[in-house]
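Structural description and commentary
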Amino acid sequence: CCERELKGSVFAVSRVTCPLCDTACASVSALKAHTRFRHCDQRPFRCHLCASGFKNAYDLHKHVETHNDSDAYSCDVEGCGFTSRTLQTLRWHCKRA
């Protein structure tokens, strides 16, 4: 994908700059990660339940939680009754409440 575009365009200073958007990265490996997530459309991590694609395993894991039929997470505030399939959604709810 985009890694071919990086060869020969990385500056070996204290920071490396993305040739596509001028973002400064701390290392060549950080630049490669930046390029993969910001500039590449490849989504190699596929959901086995619906075939949705994701750029990394963590996002796939979060997505698979949404296929859970039961609401595994619930708000502890008395009388609230909010439930969620994902921990992240429960955390967003708690910040707003």
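Rules of the game
Residues numbered from 1 in each chain as written. Predicted model: local features only at pLDDT ≥ 70, side-chain atom pairs only at ≥ 80, totals over all residues. Heavy atoms only, no water. UniProt positions renumbered as here; feature names shortened; annotations may be inferred. Helix = DSSP H or I, 4+ residues; strand = E, 2+ residues; numbered from the N terminus. Salt bridge = Lys/Arg side-chain N within 4 Å of Asp/Glu carboxyl O. Buried < 20%, exposed > 50% of the residue type's maximum accessible area, 1.4 Å probe, protein only.

Our next topic: the UniProt feature "domain: C2H2-type" (unreviewed entry) in the protein chain. UniProt annotation of "domain: C2H2-type" (unreviewed entry) refers to residues 16-44 and 45-72 when read in the numbering used here. The distance from the first to the last C-alpha atom of residues 16-44 is 26 Å, and the span holds 41% helix and 14% strand.

The full count for this structure, using the stated rule, is one salt bridge. The closest approach of N and O atoms between K62 and D59, which form a salt bridge, is 3.5 Å. Here K62 and its partner D59 are both found in helix α3 (residues 57-65), three residues apart, which amounts to about one turn of the helix. Of the residues examined, K62 reaches a relative accessible area of 24% and is grouped as partly exposed.

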